[in-house]
Amino acid sequence: AILVPPLLILTSSNRLVQNWLSTLQAWMSKTFSKQLMLPINFQGHKWASMLLALTLMLLSLNLLGLLPYTFTPTTQLSMNMALAVPMWLSTVLIGMRNQPTISLGHLLPEGT
């Protein structure tokens, strides 16, 4: 768990392909972004890096829980709410700013 974050840090270099680890990381982030952002319009693509970081954090925290005698932080409601509420609130506020009538329509029951 201590060695994984330094391996994920990108280093700047003038070479196109630095090593196999950075190539693998670039390929995985490109594949993830392509799969995640395929059904979303172009304006939604700016969320790709934040969603990638959130997914990698959740994946590493949950995989850490597979080790014996360790605790998975995502079992606590406080951790999940601390991640979910800001994402939900930012989505609602950006939707209200860009398309207020459609966003208000999503908050009402269907048929009203």
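Residues numbered from 1 in each chain as written. Predicted model: local features only at pLDDT ≥ 70, side-chain atom pairs only at ≥ 80, totals over all residues. Heavy atoms only, no water.

Looking up the protein chain in an unreviewed UniProt entry gives the name ATP synthase F(0) complex subunit a, with the organism given as Uta stansburiana. Under Catalytic activity (unreviewed entry), UniProt gives the following word-for-word description of the protein chain: "H(+)(in) = H(+)(out)". (UniProt positions renumbered as here; feature names shortened; annotations may be inferred.)

J.: Tell me about the layout of surface pockets, and name the residues and values.
T.: Reported here for the second largest pocket is a volume of approximately 600 Å³. In terms of lining, the second largest pocket is formed by 20 residues, of which the most central are Trp 47, Thr 91, Ile 94, Gly 95 and Asn 98. Listing elements by their share of the lining of the second largest pocket, those giving two or more residues are helix 4 (77-98) and helix 5 (100-107). Here the lining of the second largest pocket gets 7 residues from one element, more than from any other, and that element is helix 4. Of the residues in the lining of the second largest pocket, the class split is 9 nonpolar, 9 polar and 2 charged. If you count residues domain by domain, the lining of the second largest pocket takes at least three from each of domain 1 (1-11 + 18-72) and domain 2 (76-111). (1 Å grid on protein atoms, 1.4 Å probe; cavity = no way out; pocket = protein on both sides within 12 Å on 5 of 7 lines; lining within 4 Å. Points joined across faces, edges and corners; volume = space filled by probe spheres on them. Helix = DSSP H or I, 4+ residues; strand = E, 2+ residues; numbered from the N terminus. Nonpolar A, V, L, I, M, F, W, Y, C, P; charged D, E, K, R; others polar. Domains from an automatic or database assignment.)

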